[in-house]
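Architecture and fold: a report
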Amino acid sequence: MKIPYYPGCTLKTTAKPFEDTTKAVSEAVGIELIEMPRWNCCGTVYSLASDDLMHQLAPIRNLIRVQDMGYDRVTTLCSMCYNTLEQANQLVKSDPEKLEKMNSFMDQEEDYTGGVTVVHYLTVLKEMGFDSLPVKNPLKGLTVVPYYGCLLLRPEEISIDNPERPTVMAELLTSLGATVVDYPYKLECCGSYHTVNHKEVVCEKTYHILSSARKRGAEAVVLSCPLCEFNLDFRQKDLEQELAPMPILYFSQLLAISLGLFDALEFDQHYVDPKPLLKEKGLLR
Amino acid sequence: MTDTIKTRMIKVYIMGKEYDVPEGLTIMKAMEYAGYRFIRGAGCRAGFCGACGTIFRKKDEYKFKTALACQTPAEDGMYLTELPFVPANKAEYELEELASGPNIIVSLYPEIARCVSCNTCTKACPQDLQVMDYIQASLRGDIEQAAELSFDCLQCGLCAARCPADIVHYHVGQLARRLYGKFILPKSLHLKERNDEIEAGVFDQEMENLTTMDLDQLKKSYIERDIEK
Ligand code: SF4
Ligand code: SF4
Ligand code: FES
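Residues numbered from 1 in each chain as written. Chains lettered and ligands numbered in written order. Predicted model: local features only at pLDDT ≥ 70, side-chain atom pairs only at ≥ 80, totals over all residues. Heavy atoms only, no water.

1. Comments concerning the domain arrangement of chain A
All names here are of chain A. When cut into domains, chain A gives domain 1 (2–123) and domain 2 (131–280). At the junction of the two partners, domain 1 supplies 30 residues and domain 2 supplies 30 residues. Counting each side, the surface lost to burial between domain 1 and domain 2 is near 2,400 Å², with a carbon and sulfur contribution of 75%. Here domain 1 and domain 2 share zero salt bridges between them. Along the contact surface separating domain 1 from domain 2 lie ten residue pairs in polar contact (both at pLDDT 80 or more). When residues of the side of domain 1 that touches domain 2 are traced back to their parent elements, those giving at least two are helix 1 (16–29), helix 3 (79–94) and helix 5 (121–128). For the side of domain 1 that touches domain 2, the element with the highest residue contribution is helix 1, accounting for ten residues. Across the side of domain 1 that touches domain 2, the residue classes tally to 15 nonpolar, twelve polar and three charged. (Domains from an automatic or database assignment. Contact = heavy atoms within 4.5 Å. Buried area = accessible area lost by both parts, 1.4 Å probe. Salt bridge = Lys/Arg side-chain N within 4 Å of Asp/Glu carboxyl O. Polar contact = N/O pair within 3.5 Å; in protein donor to acceptor, adjacent residues only side chain to side chain. Helix = DSSP H or I, 4+ residues; strand = E, 2+ residues; numbered from the N terminus. Nonpolar A, V, L, I, M, F, W, Y, C, P; charged D, E, K, R; others polar.)

2. Regarding a negative patch on the surface
All names here are of chain A. A cluster of like negative charges, contributed by Asp68, Glu97, Glu100, Glu110 and Asp111, occupies part of the molecular surface. Relative to the assigned elements, Glu97 resides in helix 4 (residues 96–105). Residue classification places Glu97 among the exposed positions, given a relative accessible area of 67%. (Patch = residues over 30% accessible without salt bridge, like charges linked within 9 Å, V, L, I, M, F, W, Y side chains within 5 Å. Areas by Shrake-Rupley, 256 points an atom, 1.4 Å probe, with all protein chains shown as cover. Lys, Arg positive; Asp, Glu negative; His and termini not counted. Charge placed at Lys NZ, Arg CZ, Asp CG, Glu CD. Buried < 20%, exposed > 50% of the residue type's maximum accessible area, 1.4 Å probe, protein only.)

3. Concerning the site of ligand 1
With respect to spatial proximity, the complete set of residues near ligand 1 consists of Cys125, Pro126, Gln127, Val131, Tyr134, Cys153, Leu154, Gln155, Cys156, Gly157, Cys159 and Tyr170 of chain B. In terms of residue class, the shell around ligand 1 is made up of nine nonpolar, three polar and no charged. (Near = heavy atom within 4 Å.)

4. Details of the sheet that holds strand 6 (residues 179–180) of chain A
All names here are of chain A. Pairing is parallel in the open sheet, where four strands are placed in the order 6-5-7-8. The two strands at the open ends of the sheet, each matched to only one other strand, are strand 6 and strand 8 (248–250). Direction of pairing for strand 7 (residues 220–223) relative to strand 8: parallel, over a ladder of three bridges. Bridge assignment links Val221 to a residue of strand 8, and that residue is Ile248. (Pairing = 2+ DSSP bridges.)

5. What to know about helix 7 (residues 169–184) of chain B
All names here are of chain B. With 16 residues, helix 7 extends 21 Å between its outermost C-alpha atoms, agreeing within 8% with the 22 Å of an ideal straight helix rising 1.5 Å per residue. Turning to helix 7, its buried residues number three or more, namely His169, Tyr170, His171, Val172, Gly173, Gln174, Leu175, Ala176, Leu179 and Tyr180. Those residues of helix 7 that are buried lie in contact with helix 2 (104–108), helix 3 (120–124), helix 4 (131–139), helix 5 (143–149) and helix 6 (158–162). (Expected span 1.5 Å × (residues − 1).)

6. As for the side chain of Ser117 of chain B
Among the secondary structure elements, Ser117 of chain B is positioned in the loop between helix 2 and helix 3. Taking the relative accessible area as the measure of exposure, Ser117 of chain B reaches 1% and is therefore buried. Within the structure, the side chain of Ser117 of chain B is placed 3.1 Å from the side chain of Asn40 of chain A, a separation counted as a polar contact. Among the polar contacts listed, one links the side chain of Ser117 of chain B to the side chain of Gln136 of chain B, at a separation of 3.4 Å. In this structure Ser117 of chain B touches Asn40, Cys41, Leu57, Ala58 and Arg61 of chain A together with Met132 and Gln136 of chain B, once residues within four positions along its chain are discounted.

Below, the structure is given as C-alpha coordinates:
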(Lines give C-alpha, C1' and ligand atoms only; values in the text may rest on other atoms or scores of the structure.)
(Ligands and ions follow the chains in the order given, each with its own letter.)
Protein backbone atom coordinates (compact mmCIF):
# COMPACT_ATOMS: atom_id res chain seq x y z
CA MET A 1 0.00 0.00 0.00
CA LYS A 2 1.26 3.45 -0.95
CA ILE A 3 0.37 6.50 1.10
CA PRO A 4 1.80 10.02 1.38
CA TYR A 5 3.38 10.69 4.76
CA TYR A 6 3.25 14.07 6.49
CA PRO A 7 6.08 14.13 9.07
CA GLY A 8 5.57 17.32 11.10
CA CYS A 9 8.32 19.28 12.80
CA THR A 10 8.73 17.24 16.00
CA LEU A 11 9.15 13.99 14.11
CA LYS A 12 12.21 15.54 12.51
CA THR A 13 13.66 16.77 15.80
CA THR A 14 12.77 15.57 19.30
CA ALA A 15 10.65 12.62 18.18
CA LYS A 16 13.06 11.22 15.61
CA PRO A 17 12.90 7.71 17.18
CA PHE A 18 9.13 7.70 16.55
CA GLU A 19 9.71 8.37 12.85
CA ASP A 20 12.69 6.06 12.45
CA THR A 21 10.93 3.06 13.96
CA THR A 22 7.77 3.75 11.95
CA LYS A 23 9.73 3.89 8.71
CA ALA A 24 11.38 0.56 9.48
CA VAL A 25 8.06 -1.01 10.45
CA SER A 26 6.37 0.29 7.31
CA GLU A 27 9.03 -1.23 5.13
CA ALA A 28 8.73 -4.56 6.93
CA VAL A 29 4.96 -4.76 6.61
CA GLY A 30 4.64 -3.42 3.06
CA ILE A 31 3.35 0.09 3.67
CA GLU A 32 5.11 2.42 1.28
CA LEU A 33 5.29 5.79 3.03
CA ILE A 34 5.89 8.51 0.45
CA GLU A 35 7.31 11.38 2.47
CA MET A 36 5.82 14.64 1.22
CA PRO A 37 8.55 16.53 -0.68
CA ARG A 38 7.18 19.88 0.44
CA TRP A 39 5.33 20.63 3.65
CA ASN A 40 5.03 23.19 6.41
CA CYS A 41 4.19 23.13 10.09
CA CYS A 42 0.68 21.70 10.64
CA GLY A 43 -0.36 24.83 12.52
CA THR A 44 0.65 23.30 15.90
CA VAL A 45 -2.77 23.50 17.41
CA TYR A 46 -6.21 23.79 15.87
CA SER A 47 -7.51 27.35 16.12
CA LEU A 48 -10.95 27.44 17.70
CA ALA A 49 -11.75 31.03 16.74
CA SER A 50 -14.35 30.63 14.00
CA ASP A 51 -13.35 33.79 12.15
CA ASP A 52 -9.60 33.25 12.32
CA LEU A 53 -8.81 31.78 8.93
CA MET A 54 -5.17 32.85 9.01
CA HIS A 55 -4.39 29.96 11.35
CA GLN A 56 -6.13 27.48 9.04
CA LEU A 57 -3.79 28.30 6.17
CA ALA A 58 -0.97 26.07 7.39
CA PRO A 59 -2.99 22.84 7.62
CA ILE A 60 -4.89 23.45 4.40
CA ARG A 61 -1.72 24.30 2.49
CA ASN A 62 -0.38 20.89 3.49
CA LEU A 63 -3.51 19.24 2.14
CA ILE A 64 -3.03 21.12 -1.14
CA ARG A 65 0.45 19.57 -1.32
CA VAL A 66 -1.10 16.11 -0.91
CA GLN A 67 -3.59 16.96 -3.66
CA ASP A 68 -0.66 18.09 -5.85
CA MET A 69 0.95 14.68 -5.31
CA GLY A 70 -2.16 13.11 -6.80
CA TYR A 71 -3.36 11.32 -3.67
CA ASP A 72 -6.56 11.53 -1.66
CA ARG A 73 -5.16 10.32 1.66
CA VAL A 74 -2.24 11.28 3.82
CA THR A 75 -0.99 9.67 6.99
CA THR A 76 0.76 11.17 9.97
CA LEU A 77 2.16 9.96 13.28
CA CYS A 78 1.98 12.86 15.71
CA SER A 79 -1.45 13.05 17.37
CA MET A 80 -1.27 16.85 17.36
CA CYS A 81 -0.57 17.04 13.64
CA TYR A 82 -3.33 14.54 12.97
CA ASN A 83 -5.79 16.55 15.01
CA THR A 84 -4.90 19.94 13.54
CA LEU A 85 -4.82 18.77 9.92
CA GLU A 86 -8.08 16.81 10.06
CA GLN A 87 -10.01 19.40 12.06
CA ALA A 88 -9.04 22.12 9.59
CA ASN A 89 -9.93 19.76 6.78
CA GLN A 90 -13.38 19.15 8.18
CA LEU A 91 -13.88 22.86 8.77
CA VAL A 92 -13.34 23.75 5.12
CA LYS A 93 -15.19 20.70 3.83
CA SER A 94 -18.27 21.74 5.78
CA ASP A 95 -17.99 25.45 5.05
CA PRO A 96 -17.49 26.18 1.34
CA GLU A 97 -17.48 29.89 1.93
CA LYS A 98 -14.45 29.67 4.20
CA LEU A 99 -12.74 27.37 1.75
CA GLU A 100 -13.34 29.79 -1.09
CA LYS A 101 -11.95 32.67 0.91
CA MET A 102 -8.84 30.70 1.77
CA ASN A 103 -8.37 29.52 -1.79
CA SER A 104 -8.58 33.07 -3.05
CA PHE A 105 -6.03 34.16 -0.46
CA MET A 106 -3.65 31.36 -1.47
CA ASP A 107 -3.79 32.48 -5.06
CA GLN A 108 -0.45 30.98 -6.00
CA GLU A 109 -1.58 27.46 -5.16
CA GLU A 110 -4.06 25.17 -6.83
CA ASP A 111 -7.45 25.51 -5.16
CA TYR A 112 -8.03 22.94 -2.45
CA THR A 113 -11.02 20.83 -3.44
CA GLY A 114 -11.61 19.18 -0.09
CA GLY A 115 -10.78 15.78 -1.53
CA VAL A 116 -8.09 14.69 0.92
CA THR A 117 -8.58 12.64 4.10
CA VAL A 118 -6.05 12.59 6.93
CA VAL A 119 -5.61 9.14 8.46
CA HIS A 120 -3.56 8.40 11.52
CA TYR A 121 -0.90 5.72 11.09
CA LEU A 122 -2.67 3.53 13.67
CA THR A 123 -5.68 3.51 11.35
CA VAL A 124 -3.50 2.52 8.40
CA LEU A 125 -2.19 -0.44 10.43
CA LYS A 126 -5.66 -1.38 11.56
CA GLU A 127 -6.93 -1.41 7.98
CA MET A 128 -4.15 -3.83 7.11
CA GLY A 129 -5.16 -5.99 10.05
CA PHE A 130 -3.10 -6.29 13.21
CA ASP A 131 -3.20 -10.08 12.82
CA SER A 132 -1.23 -9.82 9.61
CA LEU A 133 1.80 -8.24 11.34
CA PRO A 134 4.81 -10.55 11.02
CA VAL A 135 5.62 -10.71 14.75
CA LYS A 136 8.97 -12.43 15.37
CA ASN A 137 9.78 -11.29 18.86
CA PRO A 138 6.47 -11.24 20.77
CA LEU A 139 6.30 -8.89 23.75
CA LYS A 140 5.82 -11.83 26.15
CA GLY A 141 5.67 -10.90 29.80
CA LEU A 142 5.50 -7.16 29.21
CA THR A 143 2.52 -5.46 30.82
CA VAL A 144 1.57 -2.11 29.26
CA VAL A 145 -1.19 0.46 29.13
CA PRO A 146 -2.10 2.53 26.10
CA TYR A 147 -2.41 6.27 26.61
CA TYR A 148 -4.56 8.11 24.06
CA GLY A 149 -4.81 11.58 25.54
CA CYS A 150 -7.15 13.96 23.74
CA LEU A 151 -5.91 14.50 20.26
CA LEU A 152 -6.63 11.16 18.64
CA LEU A 153 -10.18 11.08 19.95
CA ARG A 154 -11.56 14.57 20.37
CA PRO A 155 -13.64 16.10 18.96
CA GLU A 156 -15.71 13.09 18.02
CA GLU A 157 -15.82 13.99 14.31
CA ILE A 158 -12.13 13.31 13.90
CA SER A 159 -11.82 10.47 16.41
CA ILE A 160 -9.82 7.50 15.13
CA ASP A 161 -11.85 5.16 17.36
CA ASN A 162 -14.74 5.15 19.81
CA PRO A 163 -14.00 8.44 21.61
CA GLU A 164 -15.15 7.16 25.01
CA ARG A 165 -13.96 3.57 24.83
CA PRO A 166 -11.09 3.33 22.36
CA THR A 167 -9.49 -0.06 21.82
CA VAL A 168 -7.23 0.42 18.80
CA MET A 169 -3.93 0.63 20.69
CA ALA A 170 -4.88 -2.17 23.07
CA GLU A 171 -5.71 -4.39 20.08
CA LEU A 172 -2.41 -3.58 18.44
CA LEU A 173 -0.38 -4.22 21.59
CA THR A 174 -2.23 -7.46 22.31
CA SER A 175 -1.49 -8.73 18.83
CA LEU A 176 2.20 -7.96 19.45
CA GLY A 177 2.07 -10.31 22.44
CA ALA A 178 1.98 -7.75 25.26
CA THR A 179 -0.34 -7.95 28.23
CA VAL A 180 -2.59 -4.90 28.16
CA VAL A 181 -4.31 -3.70 31.32
CA ASP A 182 -6.99 -1.06 31.63
CA TYR A 183 -6.93 2.02 33.87
CA PRO A 184 -9.17 5.06 34.20
CA TYR A 185 -6.81 7.70 32.84
CA LYS A 186 -6.19 6.63 29.26
CA LEU A 187 -8.25 9.53 27.88
CA GLU A 188 -7.05 12.12 30.37
CA CYS A 189 -5.36 15.21 28.95
CA CYS A 190 -1.63 15.36 29.75
CA GLY A 191 -1.75 19.12 30.28
CA SER A 192 -0.46 19.82 26.78
CA TYR A 193 1.23 23.21 26.30
CA HIS A 194 0.80 24.13 29.96
CA THR A 195 4.13 22.40 30.20
CA VAL A 196 5.74 25.67 29.05
CA ASN A 197 4.32 28.11 31.61
CA HIS A 198 2.54 25.97 34.20
CA LYS A 199 4.54 22.87 34.59
CA GLU A 200 2.86 22.10 37.94
CA VAL A 201 -0.39 21.46 36.02
CA VAL A 202 1.37 18.90 33.88
CA CYS A 203 3.14 17.34 36.85
CA GLU A 204 -0.15 16.75 38.60
CA LYS A 205 -1.64 15.13 35.49
CA THR A 206 1.45 13.06 34.94
CA TYR A 207 1.39 11.79 38.50
CA HIS A 208 -2.28 10.77 38.31
CA ILE A 209 -1.93 9.05 34.96
CA LEU A 210 1.26 7.18 35.78
CA SER A 211 0.45 6.19 39.34
CA SER A 212 -2.90 4.81 38.23
CA ALA A 213 -1.20 2.85 35.47
CA ARG A 214 1.35 1.56 37.95
CA LYS A 215 -1.35 0.41 40.38
CA ARG A 216 -2.92 -1.68 37.63
CA GLY A 217 0.40 -3.37 37.08
CA ALA A 218 1.63 -1.51 33.99
CA GLU A 219 5.38 -1.52 33.43
CA ALA A 220 5.33 0.97 30.56
CA VAL A 221 2.95 3.48 28.96
CA VAL A 222 2.47 3.45 25.20
CA LEU A 223 1.39 6.49 23.18
CA SER A 224 1.48 8.29 19.85
CA CYS A 225 2.12 11.95 20.63
CA PRO A 226 5.50 13.68 21.07
CA LEU A 227 4.01 16.30 23.38
CA CYS A 228 2.34 13.66 25.59
CA GLU A 229 5.63 11.79 25.54
CA PHE A 230 7.50 14.84 26.76
CA ASN A 231 4.95 15.55 29.48
CA LEU A 232 4.59 12.00 30.80
CA ASP A 233 8.29 11.21 30.46
CA PHE A 234 10.33 14.35 31.17
CA ARG A 235 7.96 15.78 33.78
CA GLN A 236 8.67 12.74 35.97
CA LYS A 237 11.83 14.67 36.79
CA ASP A 238 9.77 17.44 38.43
CA LEU A 239 7.19 15.40 40.38
CA GLU A 240 6.65 16.29 44.02
CA GLN A 241 5.31 12.85 44.89
CA GLU A 242 7.31 9.64 44.94
CA LEU A 243 6.85 7.55 41.84
CA ALA A 244 9.03 4.74 40.56
CA PRO A 245 10.28 5.71 37.07
CA MET A 246 7.82 4.67 34.38
CA PRO A 247 9.15 4.18 30.84
CA ILE A 248 7.11 5.91 28.12
CA LEU A 249 7.23 4.41 24.63
CA TYR A 250 5.86 5.20 21.20
CA PHE A 251 3.74 2.36 19.86
CA SER A 252 6.10 2.20 16.89
CA GLN A 253 9.04 1.39 19.17
CA LEU A 254 7.26 -1.69 20.52
CA LEU A 255 6.19 -2.58 16.98
CA ALA A 256 9.80 -2.42 15.82
CA ILE A 257 10.91 -4.64 18.73
CA SER A 258 8.22 -7.21 18.08
CA LEU A 259 9.02 -7.34 14.37
CA GLY A 260 12.69 -7.82 15.21
CA LEU A 261 13.79 -4.49 13.70
CA PHE A 262 16.47 -3.81 16.30
CA ASP A 263 18.65 -1.60 14.10
CA ALA A 264 15.92 1.04 13.96
CA LEU A 265 15.80 1.44 17.73
CA GLU A 266 17.19 4.47 19.50
CA PHE A 267 16.39 5.34 23.10
CA ASP A 268 18.60 8.40 23.62
CA GLN A 269 15.72 10.86 23.63
CA HIS A 270 13.91 9.46 26.68
CA TYR A 271 14.13 10.75 30.23
CA VAL A 272 13.26 7.39 31.81
CA ASP A 273 15.43 4.91 29.97
CA PRO A 274 13.21 2.04 28.78
CA LYS A 275 16.17 -0.23 28.02
CA PRO A 276 16.57 -1.86 31.47
CA LEU A 277 12.90 -2.95 31.43
CA LEU A 278 13.08 -4.20 27.86
CA LYS A 279 16.31 -6.09 28.60
CA GLU A 280 14.89 -7.62 31.74
CA LYS A 281 12.04 -8.99 29.64
CA GLY A 282 14.53 -10.33 27.13
CA LEU A 283 13.10 -8.16 24.35
CA LEU A 284 16.26 -6.42 23.14
CA ARG A 285 19.15 -7.93 21.26
CA MET B 1 17.93 69.16 -40.58
CA THR B 2 18.39 66.73 -37.71
CA ASP B 3 15.85 64.16 -36.70
CA THR B 4 15.20 64.06 -33.01
CA ILE B 5 14.04 60.75 -31.64
CA LYS B 6 11.10 61.61 -29.50
CA THR B 7 11.11 59.72 -26.19
CA ARG B 8 7.71 58.55 -25.16
CA MET B 9 6.85 59.85 -21.73
CA ILE B 10 4.92 57.92 -19.12
CA LYS B 11 3.06 59.05 -16.03
CA VAL B 12 4.11 57.82 -12.62
CA TYR B 13 2.99 58.91 -9.16
CA ILE B 14 5.73 59.37 -6.60
CA MET B 15 4.61 59.81 -3.01
CA GLY B 16 1.23 60.70 -4.44
CA LYS B 17 2.40 63.34 -6.91
CA GLU B 18 2.19 62.94 -10.66
CA TYR B 19 5.35 63.12 -12.81
CA ASP B 20 6.11 62.62 -16.49
CA VAL B 21 9.22 60.53 -16.95
CA PRO B 22 10.76 58.98 -20.07
CA GLU B 23 9.76 55.41 -20.80
CA GLY B 24 12.42 52.74 -20.34
CA LEU B 25 13.93 53.91 -17.07
CA THR B 26 14.14 51.73 -14.02
CA ILE B 27 12.06 52.74 -11.02
CA MET B 28 15.21 54.10 -9.40
CA LYS B 29 16.19 56.16 -12.45
CA ALA B 30 12.65 57.39 -12.93
CA MET B 31 12.61 58.72 -9.39
CA GLU B 32 15.98 60.35 -9.89
CA TYR B 33 14.70 61.88 -13.11
CA ALA B 34 11.83 63.35 -11.12
CA GLY B 35 14.31 64.93 -8.73
CA TYR B 36 14.66 62.43 -5.90
CA ARG B 37 18.13 61.70 -4.69
CA PHE B 38 19.11 58.45 -3.01
CA ILE B 39 21.63 58.79 -0.28
CA ARG B 40 20.67 55.39 1.09
CA GLY B 41 18.47 52.73 -0.44
CA ALA B 42 20.71 52.42 -3.48
CA GLY B 43 23.98 50.58 -3.84
CA CYS B 44 25.24 48.43 -6.67
CA ARG B 45 22.51 49.45 -9.14
CA ALA B 46 22.97 46.01 -10.64
CA GLY B 47 20.57 43.77 -8.75
CA PHE B 48 23.11 42.31 -6.34
CA CYS B 49 23.27 44.30 -3.14
CA GLY B 50 19.63 44.31 -2.09
CA ALA B 51 19.71 47.94 -0.96
CA CYS B 52 16.90 49.09 -3.22
CA GLY B 53 13.92 46.92 -2.29
CA THR B 54 10.81 48.93 -3.02
CA ILE B 55 7.03 48.70 -3.07
CA PHE B 56 4.51 49.86 -5.65
CA ARG B 57 1.04 49.42 -7.02
CA LYS B 58 -0.25 49.81 -10.53
CA LYS B 59 -3.31 51.75 -11.45
CA ASP B 60 -6.40 49.53 -11.52
CA GLU B 61 -4.63 46.52 -10.03
CA TYR B 62 -5.36 45.44 -6.48
CA LYS B 63 -2.06 43.61 -6.04
CA PHE B 64 0.55 45.20 -3.84
CA LYS B 65 3.93 44.66 -5.49
CA THR B 66 7.52 44.52 -4.44
CA ALA B 67 10.66 44.85 -6.54
CA LEU B 68 14.28 45.87 -6.73
CA ALA B 69 14.08 49.49 -7.86
CA CYS B 70 17.32 49.26 -9.84
CA GLN B 71 16.08 46.28 -11.86
CA THR B 72 12.44 46.95 -12.54
CA PRO B 73 11.30 49.22 -15.37
CA ALA B 74 8.94 52.03 -14.44
CA GLU B 75 5.62 51.65 -16.20
CA ASP B 76 2.81 53.98 -17.00
CA GLY B 77 0.46 54.38 -14.07
CA MET B 78 2.77 53.13 -11.34
CA TYR B 79 2.45 54.42 -7.80
CA LEU B 80 5.95 54.68 -6.42
CA THR B 81 7.39 55.67 -3.12
CA GLU B 82 10.71 56.38 -1.50
CA LEU B 83 12.41 53.13 -0.90
CA PRO B 84 11.79 51.66 2.52
CA PHE B 85 14.53 50.41 4.74
CA VAL B 86 13.39 47.53 6.91
CA PRO B 87 14.56 47.73 10.50
CA ALA B 88 15.41 44.27 11.78
CA ASN B 89 17.01 42.86 14.87
CA LYS B 90 19.74 40.35 14.45
CA ALA B 91 20.46 37.67 17.02
CA GLU B 92 23.91 37.80 18.54
CA TYR B 93 25.84 34.58 18.48
CA GLU B 94 29.36 33.25 18.26
CA LEU B 95 29.33 30.75 15.44
CA GLU B 96 32.29 28.98 17.04
CA GLU B 97 30.26 28.41 20.20
CA LEU B 98 27.07 27.16 18.55
CA ALA B 99 26.41 23.46 18.39
CA SER B 100 24.55 22.09 15.41
CA GLY B 101 21.34 20.76 16.93
CA PRO B 102 17.80 20.55 15.55
CA ASN B 103 16.52 23.51 17.57
CA ILE B 104 19.42 25.87 17.13
CA ILE B 105 17.77 28.29 14.70
CA VAL B 106 14.48 28.49 16.57
CA SER B 107 16.32 29.10 19.83
CA LEU B 108 18.03 32.19 18.36
CA TYR B 109 15.01 33.34 16.36
CA PRO B 110 12.03 32.05 18.39
CA GLU B 111 9.61 34.19 16.37
CA ILE B 112 9.84 31.75 13.44
CA ALA B 113 7.48 29.52 15.42
CA ARG B 114 4.81 32.18 14.80
CA CYS B 115 4.78 31.52 11.05
CA VAL B 116 1.23 30.77 9.88
CA SER B 117 2.28 29.66 6.39
CA CYS B 118 0.51 32.53 4.68
CA ASN B 119 3.25 32.63 2.02
CA THR B 120 3.24 36.43 1.90
CA CYS B 121 7.03 36.46 2.23
CA THR B 122 7.41 34.25 -0.85
CA LYS B 123 5.18 36.52 -2.88
CA ALA B 124 7.25 39.53 -1.81
CA CYS B 125 10.64 38.14 -2.78
CA PRO B 126 12.18 39.82 -5.85
CA GLN B 127 14.57 36.88 -6.11
CA ASP B 128 11.67 34.43 -6.46
CA LEU B 129 12.90 32.41 -3.49
CA GLN B 130 10.67 29.99 -1.60
CA VAL B 131 10.93 32.14 1.49
CA MET B 132 8.16 30.46 3.48
CA ASP B 133 9.71 27.08 2.79
CA TYR B 134 13.10 28.16 4.12
CA ILE B 135 11.49 29.52 7.29
CA GLN B 136 9.60 26.25 7.68
CA ALA B 137 12.77 24.25 7.10
CA SER B 138 14.52 26.36 9.76
CA LEU B 139 11.67 25.70 12.16
CA ARG B 140 12.06 21.96 11.88
CA GLY B 141 15.85 22.11 12.05
CA ASP B 142 16.47 21.21 8.41
CA ILE B 143 19.53 23.45 8.12
CA GLU B 144 20.58 22.08 4.76
CA GLN B 145 17.29 22.85 3.09
CA ALA B 146 17.06 26.28 4.72
CA ALA B 147 20.56 27.10 3.48
CA GLU B 148 19.89 25.90 -0.03
CA LEU B 149 16.53 27.62 -0.41
CA SER B 150 17.87 30.92 0.89
CA PHE B 151 21.13 30.84 -1.05
CA ASP B 152 20.24 33.65 -3.48
CA CYS B 153 18.89 36.01 -0.81
CA LEU B 154 20.05 39.62 -1.24
CA GLN B 155 18.89 40.71 2.22
CA CYS B 156 16.60 43.30 0.66
CA GLY B 157 14.18 42.96 3.58
CA LEU B 158 10.94 43.01 1.58
CA CYS B 159 9.83 39.67 3.05
CA ALA B 160 10.33 40.98 6.57
CA ALA B 161 8.38 44.13 5.77
CA ARG B 162 5.38 42.05 4.71
CA CYS B 163 5.34 39.21 7.25
CA PRO B 164 2.35 39.25 9.62
CA ALA B 165 4.39 37.23 12.14
CA ASP B 166 7.21 39.81 12.34
CA ILE B 167 9.83 37.33 11.22
CA VAL B 168 13.16 38.56 9.87
CA HIS B 169 13.65 35.97 7.21
CA TYR B 170 16.98 37.02 5.78
CA HIS B 171 18.79 36.87 9.11
CA VAL B 172 17.33 33.43 9.68
CA GLY B 173 18.50 32.29 6.25
CA GLN B 174 21.94 33.75 6.86
CA LEU B 175 22.25 31.83 10.13
CA ALA B 176 21.18 28.65 8.34
CA ARG B 177 23.85 29.13 5.69
CA ARG B 178 26.50 29.82 8.32
CA LEU B 179 25.57 26.68 10.23
CA TYR B 180 25.51 24.74 6.98
CA GLY B 181 28.98 25.93 6.04
CA LYS B 182 30.38 25.28 9.47
CA PHE B 183 28.81 21.97 10.45
CA ILE B 184 27.38 20.23 7.42
CA LEU B 185 29.36 20.95 4.26
CA PRO B 186 32.40 18.71 3.83
CA LYS B 187 35.59 20.48 4.88
CA SER B 188 37.93 21.37 2.04
CA LEU B 189 41.18 19.72 3.02
CA HIS B 190 43.37 21.47 0.47
CA LEU B 191 42.41 24.81 1.99
CA LYS B 192 43.67 23.72 5.36
CA GLU B 193 46.90 22.41 3.82
CA ARG B 194 47.49 25.68 2.01
CA ASN B 195 46.76 27.71 5.15
CA ASP B 196 49.27 25.61 7.05
CA GLU B 197 51.85 26.20 4.33
CA ILE B 198 51.25 29.94 4.46
CA GLU B 199 51.55 29.97 8.21
CA ALA B 200 54.73 27.90 8.05
CA GLY B 201 56.24 30.59 5.80
CA VAL B 202 56.58 28.46 2.64
CA PHE B 203 55.68 31.44 0.44
CA ASP B 204 57.40 34.20 2.36
CA GLN B 205 60.46 34.36 0.16
CA GLU B 206 58.42 34.45 -3.05
CA MET B 207 56.25 37.22 -1.65
CA GLU B 208 59.28 39.17 -0.57
CA ASN B 209 60.75 38.89 -4.07
CA LEU B 210 57.54 40.12 -5.67
CA THR B 211 57.07 43.10 -3.41
CA THR B 212 60.64 44.32 -3.86
CA MET B 213 60.92 43.84 -7.64
CA ASP B 214 61.18 46.95 -9.82
CA LEU B 215 58.41 47.63 -12.30
CA ASP B 216 60.17 46.34 -15.45
CA GLN B 217 61.14 43.13 -13.77
CA LEU B 218 57.63 42.75 -12.48
CA LYS B 219 56.19 43.22 -15.98
CA LYS B 220 58.68 40.76 -17.43
CA SER B 221 57.95 38.11 -14.87
CA TYR B 222 54.25 38.64 -15.35
CA ILE B 223 54.55 38.04 -19.09
CA GLU B 224 56.74 35.01 -18.56
CA ARG B 225 54.68 33.49 -15.77
CA ASP B 226 53.53 29.89 -15.83
CA ILE B 227 49.96 29.77 -16.96
CA GLU B 228 47.97 26.80 -15.82
CA LYS B 229 46.77 24.81 -18.77
S1 SF4 C 1 14.33 36.31 1.00
FE2 SF4 C 1 13.62 38.31 1.72
S3 SF4 C 1 15.48 39.52 2.00
FE4 SF4 C 1 16.04 37.75 0.75
S5 SF4 C 1 15.85 38.45 -1.37
FE6 SF4 C 1 13.88 37.52 -0.84
S7 SF4 C 1 12.60 39.20 -0.07
FE8 SF4 C 1 14.74 39.94 -0.09
S1 SF4 D 1 5.05 35.96 5.66
FE2 SF4 D 1 5.67 35.35 7.74
S3 SF4 D 1 3.90 34.17 8.55
FE4 SF4 D 1 3.64 34.33 6.31
S5 SF4 D 1 4.60 32.43 5.51
FE6 SF4 D 1 6.17 34.03 5.49
S7 SF4 D 1 7.24 33.77 7.45
FE8 SF4 D 1 5.30 32.68 7.64
S1 FES E 1 20.94 48.92 -5.87
FE2 FES E 1 21.86 47.00 -5.41
S3 FES E 1 20.23 45.62 -5.90
FE4 FES E 1 19.40 47.54 -6.53
